[in-house]
Amino acid sequence: MTRQQVLDLYFMDARCKLIDLAAFLDRVDRGTGEADFRLAALQNSLKALAGSEASRAEKVLLTLSDPTVEPVAKALGKGAVGAWPGASGSKAPMP
Amino acid sequence: MRYIEPHGHMVSRTTDDYQDMVTAGCAAVCEPAFWAGFDRSTMHGFHDYFCQLTDFEPKRAARYGLPHFSWLCINPKESEDVKLAEEVIGIIPSFLPRPNVLGIGEIGLNKNSRNEMKVLEMHVDLAARHQQLILVHTPHLEDKLKGTRLILDVIRSDSRIQPGRVLIDHVEEHTVRLVLDRGHWGGMTLYPVSKCSPARAVDILDICGGDRLWMNSACDWGESVPLAIPRTGLEMRRRGWTAEAVDRVIYQNPIRFLSQCPKFNLASEPV
Ligand SMILES: [Zn+2]
């Protein structure tokens, strides 16, 4: 596809998602209390968007991933929250 | 547009979905054993579920002219209890000769725990002993990268397993190359919020080639879209893929992988 074709097909969709993301960050700002690690993780992953290199989607996914390699001793709960809490552990709700 | 749904949890869906899928061109559906949203407490619960997957559900699908196949296992979300897993794995061989059973799946990891690893190894051993195909579930979200790496190492450490007989499902941009580089097949799951969107799945096909990749809706009791594959076929057409190229990915690719099990044949054509 040409760049023009990609824009014709996807620009409005990307614009919509971008504004939704901006509105989400505003909503978080207006909220009260402390945010957990997920907000910092999301803000950190935004840096991958600003870069000019290819594979931005891969880089965003990597910034949100558990980078450790050893199995955990026990599964605590079944769900995932979308961002890695870091070696210090999670304060986010575990579904 | 003809297509195969290689991963759908039809026990969670209504007959309306069967009707819609067949109307949209579905030529076969394959149903891996999975988590029902709650933990089953005994091996007998799994026994009944395996009967549902190998007897009741194929009959329900047949009413719409749709061939139905299944994969058996105790899924990773219920693999923390190793003793229960041993009991469940013990009854699987008696189901393997059933005519619609394609192999062992969807096995894998969920939270990447030691017990999940043990149960994964037991399943890989079961598949090797019975020469079964393997379908692997990779973990969700932040756990996917680590889980995919651990799973790939477990499979590689069993020399009886041929990489081309293993499909690693739910790949995304950060795991797809790891899977393909080991000689396995990869599955892309088309979900509304998590996993892949249709646009991203087509991006991955553009970048990695469509040689050993398939797409699935993984429709179940959660947010999911039973018609996700034909809708992605439409997305491919809008992006300039020819009808033949779309057909190769959504129809011929699943057939190439699944036909490694002689029981996979499409006796009835789409109605
Ligand atoms: Zn599934």
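Procedures and definitions
Residues numbered from 1 in each chain as written. Chains lettered and ligands numbered in written order. Predicted model: local features only at pLDDT ≥ 70, side-chain atom pairs only at ≥ 80, totals over all residues. Heavy atoms only, no water. Pairing = 2+ DSSP bridges. Helix = DSSP H or I, 4+ residues; strand = E, 2+ residues; numbered from the N terminus. Axes fitted to C-alpha atoms, helices over the stretch in contact; angles between N-to-C directions. Contact = heavy atoms within 4.5 Å. Donors = N, O, S within 2.8 Å, 3.2 Å for Na, K, Ca; no water. Buried < 20%, exposed > 50% of the residue type's maximum accessible area, 1.4 Å probe, protein only. Domains from an automatic or database assignment. Buried area = accessible area lost by both parts, 1.4 Å probe. Salt bridge = Lys/Arg side-chain N within 4 Å of Asp/Glu carboxyl O. Polar contact = N/O pair within 3.5 Å; in protein donor to acceptor, adjacent residues only side chain to side chain. Lys, Arg positive; Asp, Glu negative; His and termini not counted. Patch = residues over 30% accessible without salt bridge, like charges linked within 9 Å, V, L, I, M, F, W, Y side chains within 5 Å. Areas by Shrake-Rupley, 256 points an atom, 1.4 Å probe, with all protein chains shown as cover. Nonpolar A, V, L, I, M, F, W, Y, C, P; charged D, E, K, R; others polar. Left-handed = near helix turned anticlockwise from the far one by under 90°.

Some words on the sheet that holds strand S2 (residues 26-32) of chain B
Residues and elements named next belong to chain B.
- As summarised here, the arrangement of the eight strands in space is S1-S2-S3-S4-S5-S6-S7-S8, forming an open sheet in which the pairing is parallel. Sheet topology places strand S1 (3-5) and strand S8 (213-216) at the edges, where each strand pairs with a single neighbour. Between one strand axis and the next, the sheet turns by 25° as a mean value, whatever way the strands run.
- Examined bridge by bridge, strand S6 (residues 166-168) and strand S7 (residues 185-189) share two bridges and lie parallel to one another. Residue leucine 167 lies in a different strand from S7, and its bridge partner there is tryptophan 185.
- Lying on the sheet, helix H1 (residues 15-24) is in contact with S1, S2 and strand S3 (68-72); it crosses S2 at an angle near 135°.

Considerations on the coordination of the zinc ion
All names here are of chain B.
- Protein coordination at the zinc ion comes from His7 (NE2), His9 (NE2) and Glu106 (OE), with a distance range of 1.9 to 2.1 Å.
- Of note, the zinc ion draws all its donor residues from one chain, in the sequence arrangement H-x1-H-x96-E. Pair check on accessibility: histidine 7 and histidine 9 agree, each one buried.

Side note on the domain arrangement of chain A
Residues and elements named next belong to chain A.
- On domain assignment, one finds that chain A holds domain 1 (1-33) and domain 2 (34-66).
- For domain 1 and domain 2, the distance between their C-alpha centroids amounts to 15 Å.
- The partner domain 2 presents five residues to the six residues of domain 1 that form the contact.
- For the domain 1 and domain 2 pair, buried surface summed over both sides reaches about 430 Å², with 84% attributable to carbon and sulfur atoms.
- Our count for the domain 1 to domain 2 interface comes out at zero salt bridges.
- Inspection of the region where domain 1 meets domain 2 yields zero residue pairs in polar contact (both at pLDDT 80 or more).

What about the side chain of glutamate 142 of chain B?
- One can find glutamate 142 of chain B in the loop between strand S5 (133-137) and helix H5 (144-156).
- Nearest to the buried, unbridged glutamate 142 of chain B among oppositely charged side chains is lysine 111 of chain B, at 4.3 Å.
- Within the local environment of glutamate 142 of chain B, its side chain forms a polar contact with the backbone nitrogen of glycine 82 of chain A, the two atoms lying 2.6 Å apart.
- Ignoring anything within four residues of it in the chain, the contact list for glutamate 142 of chain B reads Leu64, Ser65, Asp66, Ala80, Val81, Gly82, Ala83 and Trp84 of chain A together with Lys111 of chain B.

Let's talk about the environment of lysine 195 of chain B
Residue and element names in this part refer to chain B.
- Looking at the secondary structure, you find lysine 195 in the loop between S7 and helix H7 (198-208).
- Sequence-wise, lysine 195 and histidine 170 are 25 residues apart; in three dimensions their C-alpha atoms are separated by 6.6 Å.
- Once residues lying within four places of it in the same chain are set aside, the contact partners of lysine 195 are His140, His170, Glu172, Thr189 and Arg200.
- Within the structure, the side chain of lysine 195 is placed 3.2 Å from the side chain of histidine 140, a separation counted as a polar contact.

Observations regarding the side chain of threonine 175 of chain B
- Inspection of the secondary structure puts threonine 175 of chain B in the loop between S6 and helix H6 (176-181).
- The contact partners of threonine 175 of chain B, leaving out residues within four places of it in the chain, are Lys144, Leu145 and Thr148 of chain B.

Here's the deal with a nonpolar patch on the surface
- On the surface, a cluster of nonpolar side chains totalling about 330 Å² of accessible area is made up of Leu7, Phe11 and Met12 of chain A.
- Its location among the elements puts methionine 12 of chain A in helix H1 (residues 3-30).

Section: the interface of chain A and chain B
- Chain A puts 28 residues into the contact, and the matching count from chain B is 28 residues.
- Roughly 2,400 Å² is buried in total at the junction of chain A and chain B, and carbon and sulfur atoms are behind 57% of that figure.
- For the pair chain A and chain B, the number of links is three salt bridges.
- The closest approach of N and O atoms between lysine 146 of chain B and aspartate 66 of chain A, which form a salt bridge, is 3.7 Å.
- Counting across the chain A and chain B interface gives 14 residue pairs in polar contact (both at pLDDT 80 or more).
- Residue assignment for the side of chain A that touches chain B shows that the elements contributing at least two residues are H1 and helix H3 (56-63) of chain A.
- Top element by residues in the side of chain A that touches chain B is H3 of chain A. It accounts for four residues.
- Split into classes, the residues belonging to the side of chain A that touches chain B amount to 18 nonpolar, five polar and five charged.

With respect to the packing of H1 of chain A against helix H2 (residues 37-50) of chain A
Residues and elements named next belong to chain A.
- Two elements in contact, H1 and H2, have axes whose closest approach is 12 Å; the angle formed by their N-to-C orientations is 145°. Between H1 and H2 lies a crossing of left-handed hand. In this structure, H1 uses Leu21, Phe24, Leu25 and Val28 to contact H2, whose residues at the interface are Leu39, Leu42 and Leu46.
- Here the residues of the contact of H1 with H2 are counted per class, giving seven nonpolar, no polar and no charged.

So, unusual backbone geometry
Residue and element names in this part refer to chain B.
- The amide bond that connects glycine 105 to the next residue, glutamate 106, takes the cis arrangement and shows omega of -10°.
- With respect to the secondary-structure elements, glutamate 106 resides in strand S4 (residues 101-108).
- The backbone of glutamine 131 sits at a positive phi, close to 50°, despite the residue not being glycine.
- Among the structural elements, glutamine 131 can be located in the loop between helix H4 (114-129) and S5.
- Look at glutamine 131 and you get exposed, because its relative accessible area is 61%.
- Despite not being glycine, alanine 218 has its phi angle at roughly 45°, a positive value.
- Looking at the element boundaries, alanine 218 is found in the loop between S8 and helix H8 (228-238).
- By relative accessible area, alanine 218 is classed as buried at 1%.

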